[in-house]
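A look at the structure
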Amino acid sequence: MNMQTLTESRLDPASAVVNEICAAGEPWVKKVNKGQTFRIVDAEGNQAVDTLFFNANHALERYSATDTICRQNRLYLTSGSKLYSNFGNVMLTIVADTCGRHDTLGGACAAESNTVRYALEKYPMHSCRDNFLHALAHDPLCEQLGMGKRDLPSNINFFMNVPVTEQGELEFVDGISAPGKYVEMRAEMDVMVLISNCPQLNNPCNAYNPTPIRLLIWY
Ligand SMILES: [Zn+2]
């Protein structure tokens, strides 16, 4: 379970066509075309990057945690992992990874889960679900695809450490990532990326300190 495959990329950030910062706690939406390479950099370390992928031409096809886990018999994502859609197609393949493990089970933080897990007064705190809903309601790409609240499936948590215990329970623990670690994937179809750069302050998924991430795309 702890087997990690660390694979570095040969791509040079200087030749990327997109090279953007997503501030701590903010959403980010972008299209990545088939054949392009997409990299997420954990700029300051221990950040949780809640991520969803949709078919950019037909949003009813989207990343499926169930298909991704079952078809590969693996709970964690790393180099060589394929990200499957709910239609059974490979959406992206992870081609480089210097962190070594990414979560498929923890889901996104929300007002409701913050209230249940921590305290009633956590209800108004900013959450990943807020970010996703905000992007779905206001981002032109999401609008173009006719997306809404019902289009939110279970997400990937890049860089987040959610070990499964012997008893089958999930734990949110301190990350195994560090400043500058990255994960890189090749798009196998045109995809729309929807990210919430997690604003969580109540658990160690981002070291109680949300930080910026860098996002790069190469042709
Ligand atoms: Zn979150």
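In the annotation of an unreviewed UniProt entry, the entry for the protein chain reads Urea carboxylase, and the organism field reads Nitrosomonas supralitoralis.

1. Brief notes about the overall build of the protein chain
Of regular secondary structure, the protein chain possesses 4 helices and 10 strands. Relative to the compact-globule value of 17 Å for 219 residues, the protein chain shows a C-alpha radius of gyration of 16 Å, a close match. Along the first, second and third principal axes, the C-alpha set of the protein chain runs to 45 × 40 × 35 Å. Out of the 219 residues in the protein chain, the part that is buried amounts to 54%. Restricting to contacts in the protein chain with at least 6 residues of sequence separation, those with at least 24 account for 77%. Accessible surface, the protein chain as shown: approximately 9,900 Å² in total, 49% of it carbon and sulfur.

2. Structural notes on the coordination of the zinc ion
Protein-derived ligands of the zinc ion are Cys-109 (SG), Cys-128 (SG) and Cys-198 (SG), with the metal-ligand distances lying across 2.2 Å. Overall, the relative accessible area of 7% leaves Cys-109 in the buried class.

3. Re the packing of aromatic side chains
In this structure the tally under the stated criterion is 1 aromatic pair. Residues Trp-28 and Phe-38 carry aromatic rings whose centres are separated by 5.9 Å and whose planes lie at 5 degrees to one another, so their mutual orientation is stacked. With a gap of 10 residues between them, Trp-28 in strand E2 (residues 27-32) and Phe-38 in strand E3 (residues 37-42) connect regions that are remote in the sequence. Accessibility expressed as a relative area gives 7% for Trp-28, which makes it buried. For Phe-38, a relative accessible area of 0% puts it in the buried group. Here the basic side chain of Arg-101 rests over the ring of Tyr-76, its NZ or CZ set 4.0 Å away from the ring centre.

4. So, the side chain of Arg-62
As for its placement among the helices and strands, Arg-62 is situated in the loop between strand E4 (49-55) and helix H1 (65-72). Assessed through its relative accessible area of 10%, Arg-62 is described here as buried. When near neighbours in sequence (up to four residues on either side) are disregarded, Arg-62 contacts Phe-53, Phe-54, Tyr-84, Ser-85, Asn-86, Met-91, Arg-150, Asp-151 and Pro-153.

5. Quick look at the environment of Ala-56
Within the element layout of this structure, Ala-56 appears in the loop between E4 and H1. The spacing of Ala-56 and Asp-67 is 11 residues in sequence and 19 Å in space, taken between C-alpha atoms. Those residues in contact with Ala-56 that lie beyond four places of it in its chain are Lys-31, Leu-145, Asp-190, Val-191 and Met-192.

6. Comments concerning the sheet that holds E2
Spatially, 4 strands are ordered E2-E9-E4-E7 in an open sheet, and the strand pairing comes out antiparallel. Edge positions in the open sheet fall to E2 and strand E7 (156-158), since each of these has one partner strand only. The mean angle between the axes of side-by-side strands here comes to 30 degrees, regardless of whether they run parallel or antiparallel. Along the sheet, helix H3 (residues 128-138) makes contact with E2, E4 and strand E9 (191-197), crossing E9 at roughly 140 degrees.

7. Some details on unusual backbone geometry
Phi at Asn-73 takes a positive value of approximately 55 degrees, unusual for a residue other than glycine. The residue Asn-73 is located in the loop between H1 and strand E5 (82-84) in this model. On the basis of relative accessible area, Asn-73 is assigned to the exposed category, the value being 71%. Positive phi outside glycine occurs at Tyr-208, with the angle close to 60 degrees. Its place among the elements puts Tyr-208 in the loop between E9 and strand E10 (213-218). A relative accessible area of 47% means that Tyr-208 is categorised as partly exposed.

8. A short note on the pattern of salt bridges
Enumeration according to the criterion identifies 5 salt bridges in this entry. The shortest N-O distance in the salt bridge between Asp-151 and Arg-62 comes to 2.8 Å. Here Asp-151, found in the loop between helix H4 (140-144) and E7, pairs with Arg-62, found in the loop between E4 and H1; they are 89 residues apart in sequence, far enough to count as distant. Summarising the burial analysis for this pair, Asp-151 and Arg-62 share the class buried. Measuring nitrogen to oxygen at the nearest pair gives 3.3 Å for the salt bridge that ties Arg-71 to Asp-67. Here the residue Arg-71 and the residue Asp-67 both occupy positions in helix H1, the gap between them amounting to 4 residues, near one helical turn. Under the relative-accessibility criterion, Arg-71 is labelled partly exposed at 47%. Classification of Asp-67 by relative accessible area gives buried; the value is 18%.

What counts as what
- Residues numbered from 1 in each chain as written.
- Predicted model: local features only at pLDDT ≥ 70, side-chain atom pairs only at ≥ 80, totals over all residues.
- Heavy atoms only, no water.
- Helix = DSSP H or I, 4+ residues; strand = E, 2+ residues; numbered from the N terminus.
- Rg over C-alpha atoms; globule rule 2.2 N^0.38 Å.
- Buried < 20%, exposed > 50% of the residue type's maximum accessible area, 1.4 Å probe, protein only.
- Contact = heavy atoms within 4.5 Å.
- Areas by Shrake-Rupley, 256 points an atom, 1.4 Å probe, with all protein chains shown as cover.
- Donors = N, O, S within 2.8 Å, 3.2 Å for Na, K, Ca; no water.
- Phe/Tyr/Trp six-rings, centres within 6.5 Å; stacked < 30°, edge-to-face > 60°.
- Lys NZ or Arg CZ within 6 Å of the ring centre and 35° of its normal.
- Pairing = 2+ DSSP bridges.
- Axes fitted to C-alpha atoms, helices over the stretch in contact; angles between N-to-C directions.
- Salt bridge = Lys/Arg side-chain N within 4 Å of Asp/Glu carboxyl O.

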